[in-house]
Protein chains: 2
Amino acid sequence: MRSNQRRFFLKSSAAGIASVALPSYPMFASAAETSTNAEKGKDATRILAQYALSTRYEDLPPNIKREAARAFVNFVGVTVGSCQHEAVNISIDSLRPVSGSTMATVLGRKERFDVLNAAFINGVSSHVFDFDDTHLVTNIHPAGPIASALLAYSELKPVSGREFMNAFYLGVEYTIRLANSLAPNHGPWHGSGTFPSIGAAAAIGRLMKLSEQQMIWALGLAASQQVGFRDSFGSMNKSFNPGRSAANGLFAALLAQKNFTSSNQVIESRVGWAVTMSSTQDYQEMLGDLGSRYEIAKDTYKPFACGIVIHPALDAAIQLRNQYNLQADQIQSIVVKANPNTLILTGKKTPQTGLEGKFSVYHSVAIGIIEGRAGEKQYSDAAVLSPKTIALRNKITVEVDNAIPKKSGEVTITLNDGRVLNKFIENAVGSVEVPMTNEQLDAKFLDLTEDILPRAKCKSLLADSWRMAELPSAGQFAKSTVA
Amino acid sequence: MRSNQRRFFLKSSAAGIASVALPSYPMFASAAETSTNAEKGKDATRILAQYALSTRYEDLPPNIKREAARAFVNFVGVTVGSCQHEAVNISIDSLRPVSGSTMATVLGRKERFDVLNAAFINGVSSHVFDFDDTHLVTNIHPAGPIASALLAYSELKPVSGREFMNAFYLGVEYTIRLANSLAPNHGPWHGSGTFPSIGAAAAIGRLMKLSEQQMIWALGLAASQQVGFRDSFGSMNKSFNPGRSAANGLFAALLAQKNFTSSNQVIESRVGWAVTMSSTQDYQEMLGDLGSRYEIAKDTYKPFACGIVIHPALDAAIQLRNQYNLQADQIQSIVVKANPNTLILTGKKTPQTGLEGKFSVYHSVAIGIIEGRAGEKQYSDAAVLSPKTIALRNKITVEVDNAIPKKSGEVTITLNDGRVLNKFIENAVGSVEVPMTNEQLDAKFLDLTEDILPRAKCKSLLADSWRMAELPSAGQFAKSTVA
């Protein structure tokens, strides 16, 4: 199938795709339009449809198969781990009376739903801890909505693990590429709600083996459904966005499969998706080198359940703790050096709730030293209000310095015996440069799921998540997430 | 309850609402921002929630009750009339395998669905003939998605006809007000897909008797779901948009009722709905004089199933035909005088299909003279290809004249006996100035439904549609649309 990949590479080039900003629709335009640029997106919807239908798991390079597996393992851990969250409970209570079908699994829960609402609820669950995968350039979280739509569909029709992982790669890849193409000027939109519907429709359409025309319609119907503004941050609406995006992509594919029509160019039309959703469009990012450049490789996983700007200091603190086997009562003072952003976004000195703790560099560094990790449990209300944590966080000073990049940080610990320990972190664990190891992903998975499922079940589910591509049935996998 | 209305009037004034354009988000801005203008939309979401919850059918002025009834009668006629359309058939085929519940009616059909998918399918059906109500200033079609969401909900929970008609008024009113507020610069968005989700959430939320906070969340979750670009025109995607909007509004209300949270200001936020969906916002149009200014009064109904620019000529032709009892074979020639727009948009001289006929002023005037009307049936393929129609349309000449306003037109008919008949139409029937009479709405309803339901059933359904506000059960009404 290398020839297939080449074909797409050539087609993309032949279409004259280049990294030039398209004019936005007049209403949104901030610069003069030039109609020649409009040609750059020519056939974008069709090119996306064609490549999607050509993808096969066996054609993916080993490192891409590995990254897809890592993204899936992380998804299953956070989604099962979040399955008792209030937003999930409310979704279940709200939709149970209107969902007659019990076809599909809510991950980790005994309640079963129709596939559309199951896709929604799992999408909510995947994001509600804010602990899902992150594409750092665009700050979107692609895996949750794609996997949620695919797992639901896998209980409607038989899907092998291999087909599932190919479709999962495809959906995540498209979601990131679409984001790369528009995100720099995506404005108030919440990219984790806007892009995945299209990725999910492509992924489901691949499983359905749609015709090229049907796939074009599926992409058009999916692009027609745009979800979520950044104003939703801080409410359940934030998790609603990827959840609804998952359901919308599945909905689009279901209709297109029966020949519900759309246009042939919703993505690139002058009165369509791309010009409306951003003032700039980079079609090279969207369409270039499909099948040879893999954006999923840049997906990352958060090791810590707190604001990303805290991660370098937290990484430094935990490394020092482990290296010197530190106990809190040995410590006289801690100085964190960080970019000013860290204090602006996470400078809360006396957090009162777990959620506030996630935006406190003080609590995070303290709990990291006490417990050696900073997962969901380290951000419970009890953890934030514990006298031991409070005592240690009161010993912390944060010094800001514009010379320190946002991605870096430094921790200096002075012990009661006079020793001074120091650690500078250029790239925190969980970044593209220093990705979480598979073992760290395992630990995160087990930490998240151990209160939901019996320990032995957690371990078997983790093993199955890693080897999803070898499992005979993705639908059976979904069912197996329930105790 | 006049005091309630006054309270809202005063509140709106107190909030300092004025007809000033807000700055758009920087990405979309084409002019300098001034932050003082951002205050104009203050509390918009809350004001909408408060007024929605205060509405009562008995407080509506008689002419507004009458207009709501007219909009509802028109909705039932077109939706039942379209229920065998291919887009409806495909929707049913696509969604049947995923919709386990059979709670709600697809109007005119025996198949039953869960409420969310029934809302979608009826919304598609309401628009697919392009014969639904039209708010001419913004060119949106508000009644379909609102009534579709409400009827579906009425089969989930008991709703009286009176409550239904109040909620229907509210949903249509909000949909038009939101459109008035943004539509002049709504760009590539399809307003019949973007605005109704919020109107539907308000309407359903009113039936649910949500708390003010829940209603705010419902509006926020609904506003977070934006559907449809103008690129969809010409495909089923166009009808998808109001259909999905109906389902989205219902979905939002179902979640908010169980306290799924959103922010308190999705509508007016600087990173929310209004600034993203248009480069200008007129909050006076959106919020001013709620309960004393009624935008639903400006809803109109199409008497003819063709492009709106043909309507003045068609109206003139049919009036001459009726006045002189004309037969096609008496006619030597016909001259239509029209604004140039008429030929640009509907200048198709030899249409080959019914759909092409809708964009042919020639076919439309010919068939209008032959049959005295121009409903769906006059735009069948057979009607367009009939030798008698073709013979008459070949006698038609169109002369364009910039001096004739778009809303006007003139027809001059020369008979074989030498007589010359002339009619100038300033405002065509179906305009705000010359609304369709109730009798014309009756005829349209019966014409649309007579192939779907037995004649006696059509008449009883028409009578019930007019007296919906007096019926004990809106859910029972929905069921009664099926033969």
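What you are looking at is a predicted structure, and each value in this text was computed from that prediction instead of being measured.

**Student:** Outline the overall build of chain A, supporting the account with residue identities and numerical values.
**Tutor:** When you go through chain A residue by residue, the secondary structure sums to 22 helices and nine strands. Computed over the C-alpha atoms, the radius of gyration of chain A is 23 Å, within 12% of the 23 Å expected from 2.2 N^0.38 for a compact globule of 483 residues. Each principal axis of the C-alpha atoms in chain A carries an extent, and together these give about 75 × 55 × 40 Å. Going through the 483 residues of chain A one by one, you find that 60% of them count as buried. Pairs at least 24 residues apart make up 79% of the contacts formed inside chain A by residues separated by at least 6 positions.

**Student:** Can you lay out the sheet that holds strand β8 (residues 409–415) of chain B for me, pointing to particular residues and giving the numbers?
**Tutor:** Residues and elements named next belong to chain B. Read from one edge of the open sheet, four strands run β7-β6-β8-β9, paired in mixed fashion. In the strand order of this sheet, the two ends are held by β7 (396–400) and β9 (420–425), each with one partner. Taken over all neighbouring pairs, the strand axes of this sheet differ in orientation by 15° on average, direction set aside. As judged from the six bridges shared by β8 and β9, these two strands associate in the antiparallel manner. Looking at β9, one finds that valine 411 is bridged to lysine 423.

**Student:** I'd like to hear about the relation of the copies chain A and chain B, residue by residue, with values.
**Tutor:** The transformation that overlays chain A on chain B combines an axial shift of 0.0 Å with a rotation of 180°, and the residual RMSD is 0.1 Å. Overall, the copies show the geometry of a two-fold rotation axis. Here 100% of the interface residues in chain A have copies in chain B that are interface residues too; the copies meet face to matching face.

**Student:** Just give me the short version of the interface of chain A and chain B, but keep the residues and values in it.
**Tutor:** If you look at the interface, chain A gives 61 residues, while chain B gives 61 residues. Broken down by secondary-structure element, the contributors of at least two residues to the side of chain A that touches chain B are α4 (86–95), α5 (115–127), α10 (212–223), β4 (225–227), α11 (237–257) and α12 (273–277) of chain A. It is α11(A) that contributes the most residues to the side of chain A that touches chain B, seven residues altogether. Here the side of chain A that touches chain B is composed, by residue class, of 26 nonpolar, 29 polar and six charged. Relative to strand β4 (residues 225–227) of chain B, β4(A) runs antiparallel, the two sharing three bridges. Across the sheet, the residue bridging to A:Gln226 is B:Gln226, located in β4(B).

**Student:** Please give an account of the confidence of the model for chain A that cites residues and values.
**Tutor:** Chain-level statistics for chain A give a pLDDT mean of 92 and a share of 92% at 70 or above. This model gives residues 1–37 of chain A a pLDDT under 50, and the stretch forms 73 contacts once residues within four places in sequence are excluded.

**Student:** Give a detailed account of unusual backbone geometry, specifying residues and quantitative values.
**Tutor:** In this model, A:Asp289 sits at a positive phi of 60°, which is unusual for a non-glycine residue. Its place among the elements puts A:Asp289 in the loop between α13 (283–287) and β5 (299–300). At B:Asn139, a position not held by glycine, the phi torsion is positive, near 60°. Checked against the element boundaries, B:Asn139 lands in the loop between β3 (134–135) and α6 (143–154).

**Student:** Tell me about helix α21 (residues 455–466) of chain A, and name the residues and values.
**Tutor:** Residue and element names in this part refer to chain A. The first and last C-alpha atoms of α21 sit 17 Å apart over twelve residues, in line with the 16 Å expected at 1.5 Å per residue. Taken together, the buried positions of α21 are occupied by Cys458, Leu461 and Ser465. Summarising the axial view, the buried residues of α21 lie within an arc of 70°, below the 170-degree limit, and thus occupy one face. Away from the buried face of α21 by more than 90 degrees, exposed residues Ala456 and Ala463 are located.

**Student:** Kindly report on the nonpolar core, identifying the contributing residues and their values.
**Tutor:** Of all hydrophobic cores here, the largest spans 305 residues; its most connected members are A:Leu219, A:Leu250, B:Leu219 and B:Leu250. Residue contacts for A:Leu219: discarding those within four places in its chain leaves A:Thr45, A:Leu48, A:Ala49, A:Ile198, A:Ala201, A:Ala202, A:Val266 and A:Ile267.

**Student:** Explain the pairing of strand β6 (residues 331–338) of chain A to me, and be specific about the residues and the numbers.
**Tutor:** Residue and element names in this part refer to chain A. Where β6 and strand β8 (residues 409–415) come together, seven bridges link them in antiparallel fashion. The residue bridging valine 336 from the neighbouring strand is valine 411, located in β8. In terms of strand pairing, β6 meets strand β7 (residues 396–400) through five bridges, oriented parallel. For isoleucine 334, the partnering residue across the bridge sits in β7 and is isoleucine 396.

**Student:** Break down helix α20 (residues 438–449) of chain B for me, citing the residues and quoting the values.
**Tutor:** In an α-helix, one turn spans 3.6 residues; hence positions three or four apart end up facing the same way. All names here are of chain B. Compared with the 16 Å implied by 1.5 Å per residue over twelve residues, the 16 Å span of α20 between its first and last C-alpha is a close match. Residues Leu441, Lys444, Phe445, Leu448 and Thr449 constitute the buried set of α20. When α20 is viewed along its axis, its buried side chains cluster within an angular range of 115° and face the same direction.

**Student:** So what's going on with the environment of B:Asp231? Which residues, and what values?
**Tutor:** Looking at where B:Asp231 falls in the secondary structure, it is placed in the loop between β4 and α11 (237–257). A tally of 28 C-beta atoms within 10 Å means that B:Asp231 is categorised as buried. Considering only alpha carbons, one finds B:Asp231 and B:Pro188, 43 residues apart in sequence, at a separation of 7.5 Å. Excluding its chain neighbours within four sequence positions, the residues that come into contact with B:Asp231 are A:Ser263, A:Gln265, A:Val266, A:Ser269, A:Val271, A:Gly272 and B:Pro188.

Criteria and thresholds
- Residues numbered from 1 in each chain as written.
- Chains lettered and ligands numbered in written order.
- Predicted model: local features only at pLDDT ≥ 70, side-chain atom pairs only at ≥ 80, totals over all residues.
- Helix = DSSP H or I, 4+ residues; strand = E, 2+ residues; numbered from the N terminus.
- Rg over C-alpha atoms; globule rule 2.2 N^0.38 Å.
- Buried ≥ 20, exposed ≤ 12 C-beta atoms within 10 Å, placed from the backbone.
- Contact = placed C-beta atoms within 7 Å.
- Pairing = 2+ DSSP bridges.
- Axes fitted to C-alpha atoms, helices over the stretch in contact; angles between N-to-C directions.
- Least-squares fit on C-alpha atoms with pLDDT ≥ 70 in both.
- Nonpolar A, V, L, I, M, F, W, Y, C, P; charged D, E, K, R; others polar.
- pLDDT = per-residue confidence, 0-100.
- Expected span 1.5 Å × (residues − 1).
- Arc of directions from axis to C-beta.
- Core = buried A, V, L, I, M, F, W, Y, C linked by C-beta atoms within 7 Å.

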